[in-house]
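Topology and contacts: notes
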Amino acid sequence: MKIGVVGLGYIGSVTAGVLAEAGNSVIGIEIDAKRLAGFKSGEPPIYEPGLKELIEKNHSRLEFSSDYSKLADADIVFLAVQTPTVNERIDLSYIFDAAEKANRQCKKAVLVIKSTVIPGTARELSKKISLPIVSNPEFTREGTAVEDTRKPDRVVIGAKDSNAADLVGKIWSFTGAPLLKTTNENAELIKYASNSFLATKISFINEIANLCESIPGADVEIVAKGMGYDKRIAPYFLKAGIGYGGSCFPKDTSAIASFAKELQSPLSIVESAIKVNSDRIERIVDILKTEIGKELKGKRIAVLGLAFKDDTDDIRGSQPIRLIERLLKESAAVNAYDPRVKIKIDGITRFENLEGCIKESDAVIVATEWGEFSNLKIMDKFVLDAKRILNPANFNNFRAIGLSWER
Ligand code: UDX
């Protein structure tokens, strides 16, 4: 089939690559000149494992352009533009704009909303455009996006037009994943309900982690392990840490909570999950102060990890960055190291190597679960493991979230 993908972010670029790999002819549309140039030159401006190779391998079936008129003959156009949350409300202007542009150019395509949108968006959009609209949310994680797109747990297709739904079902049939065909509204809500549930699972275990810290002998890692053996609970997304971040969980939980409130049907559990997540930073600063003294002014604190999780250079919604902002407010001197994130952050010193960063600091906080941190051994300064990846035996002066003070 002839496929268009509008918006070459993490989701759009991976969708384009995987659909080209499946034998389709794909045109990726991107209006950001710098980003477009990256894809055209074979150097994706995004770090996502396997993406560069995917694009290289399938370049004969992949084209990149900023020109919407190239979508004229497309059978399916995926919209994968951003849907940011502004003041707790979702901003749908990018998706409406892209949809209207595609609608003007396409002769026959089915328009597929890949971006995360609030329930009712497809319905609203269908009042403005003539092409059939299918809701086909993505459930891919950064870092494993290529594999998640090749082999998703399920494909959700929401549509009013059953021919359009069948066409989109066909394009994903190579994945072998279970297909759920439903209404646009259900599809839109499945995405939010799934992400909110996962975020809640993380906040739940983070609260249990807080409790473990007050129970001599308790360790959240073991509690989570014991819970995870139960098939009804499952071991995933039960890793206590600094709190969830990224481009999805914070924005989606906040968007669906405020949407539900407006409908007078508040999601109090999701609201609590958001609050627990936001409190993580204060909790970590409290532990730090208990160990190295209330006055952080002038103390040199190493924050190891800036990315919102390992294996990505993405700092959107990053909890480590929120931690840094909080430490700077306390007038601490912040040193930071991340194997991938190389941006400039005002007010901090960013190191190019891990050892240098640790050496120049009075205390160390592990804030992202990068593999290279897991073998750390530091005997001469306080270390706080906010991601539970370190071996306590490798430290003299050590605390970890969810590990009781008294052993
Ligand atoms: C998430 C969803 O998993 C994905 O389905 C959706 O399409 C987009 O949002 P992503 O943001 O890439 O994907 O990251 P994910 O691996 O889900 O992690 C999100 C955050 O939660 C990270 O900050 C991570 O460190 C944190 N996390 C995850 C935990 O703190 N504990 C866990 O057990 C799992």
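Reading the values: rules and limits
- Residues numbered from 1 in each chain as written.
- Predicted model: local features only at pLDDT ≥ 70, side-chain atom pairs only at ≥ 80, totals over all residues.
- Heavy atoms only, no water.
- Phe/Tyr/Trp six-rings, centres within 6.5 Å; stacked < 30°, edge-to-face > 60°.
- Buried < 20%, exposed > 50% of the residue type's maximum accessible area, 1.4 Å probe, protein only.
- Lys NZ or Arg CZ within 6 Å of the ring centre and 35° of its normal.
- Core = buried A, V, L, I, M, F, W, Y, C linked by side-chain atoms within 4.5 Å.
- Contact = heavy atoms within 4.5 Å.
- Pairing = 2+ DSSP bridges.
- Helix = DSSP H or I, 4+ residues; strand = E, 2+ residues; numbered from the N terminus.
- Axes fitted to C-alpha atoms, helices over the stretch in contact; angles between N-to-C directions.
- Domains from an automatic or database assignment.
- Buried area = accessible area lost by both parts, 1.4 Å probe.
- Polar contact = N/O pair within 3.5 Å; in protein donor to acceptor, adjacent residues only side chain to side chain.
- Near = heavy atom within 4 Å.
- Nonpolar A, V, L, I, M, F, W, Y, C, P; charged D, E, K, R; others polar.

With that settled, the discussion passes to the packing of aromatic side chains. Aromatic rings considered in pairs are described by the distance between their centres and by the relative angle of their planes. Under the criterion given, the structure shown has 7 aromatic pairs. The interplanar angle of 15 degrees and the centroid separation of 4.9 Å between the aromatic rings of Phe395 and Phe398 together place this pair among those described as stacked. Judged on exposure class, the residue Phe395 and its partner Phe398 are both buried. Through a chain of ring-to-ring contacts, the aromatic side chains of Phe78, Trp172 and Phe174 assemble into a single cluster. In this structure, Arg154 is placed above the aromatic ring of Phe139, and the distance from its NZ or CZ to the ring centre is 3.5 Å.

Time to look at the nonpolar core. The biggest cluster of nonpolar side chains holds 56 residues, and the ones touching the most others in it are Leu288, Leu304, Leu323, Leu327, Ile365 and Leu376. Sequence-distant contacts of Leu304, defined by excluding residues within four places in its chain, comprise Tyr337, Leu354, Cys357, Ile358, Val364, Ile365, Val366, Ala367, Thr368, Phe373 and Leu376. The next biggest cluster of nonpolar side chains, apart from the first, holds 34 residues, and it includes Val5, Val18, Ala20 and Leu54.

Strand order in this open sheet of 8 strands is β3-β2-β1-β4-β7-β8-β9-β10, and the pairing throughout is mixed. Each having just a single partner strand, β3 (62-65) and β10 (179-182) make up the two edges of the open sheet. For this sheet, the mean inter-axis angle between neighbouring strands, taken without regard to orientation, is 25 degrees. Relative to β10, strand β9 (residues 155-159) is paired through 4 bridges, and the arrangement is parallel. From the neighbouring strand, Gly158 faces β10, where its bridge partner is Thr182. Against the sheet, helix α4 (residues 93-105) makes contact with β1 (2-6), β4 (76-79) and β7 (110-113), and its axis sits at roughly 165 degrees relative to β4, the strand it touches most.

Our next topic: the domain arrangement of the chain. Looking at the chain, the domain boundaries give domain 1 (2-182) and domain 2 (192-400). Inter-centroid distance (C-alpha atoms) of domain 1 to domain 2 is 32 Å. Taken together, the contacts link 18 residues of domain 1 with 20 residues of domain 2. Of all residues in domain 1, the largest losses of buried area upon contact with domain 2 belong to Tyr47, Ile118 and Glu142, amounting jointly to 37% of the total for that side.

Before going further, it helps to spend a moment on the side chain of Ser258. Here Ser258 lies in helix α10 (residues 249-262). When its relative accessible area of 13% is taken as the criterion, Ser258 is described as buried. In this structure the side chain of Ser258 is engaged in a polar contact, spanning 2.5 Å, whose partner is the backbone oxygen of Glu88.

The next point concerns the site of the ligand. Lining the immediate surroundings of the ligand are 19 residues, of which Thr140, Glu142, Lys239, Gly245 and Lys309 lie closest. Between an oxygen atom of the ligand and a main-chain N or O atom of Leu238, the distance comes to 3.3 Å. One of the side-chain N or O atoms of Lys309 is found 2.8 Å from an oxygen atom in the ligand. Residue contributions to the shell around the ligand peak at 3 residues, all from helix α8 (residues 184-213). Tallied by class, residues from the shell around the ligand come to 8 nonpolar, 3 polar and 8 charged. Both domain 1 (2-182) and domain 2 (192-400) contribute no fewer than three residues apiece to the shell around the ligand.

Across the sheet, which stays open at both edges, the 6 strands sit in the order β13-β12-β11-β14-β15-β16 with parallel pairing between neighbours. Pairing within the sheet leaves two strands with one partner each, and these edge strands are β13 (348-350) and β16 (398-400). Pairs of neighbouring strands in the sheet enclose a mean axial angle of 20 degrees, with direction left out of account. Sheet strands in contact with helix α11 (residues 268-292) are β11 (300-304), β14 (363-366), β15 (382-385) and β16, and its direction is about 160 degrees off that of β15.

For the rest of this paragraph, the subject is the pairing of β4. Taking every second residue as pointing to the same face, both faces of β4 are buried, with Ile76 and Phe78 on one and Val77 and Leu79 on the other. Here 4 bridges tie β1 to β4, and the two strands are oriented parallel to one another. Across the sheet, Val5 pairs through a bridge with Phe78, a residue of β4. Both β4 and β7 contribute to a ladder of 4 bridges, which runs parallel. For Leu79, the partnering residue across the bridge sits in β7 and is Ile113.

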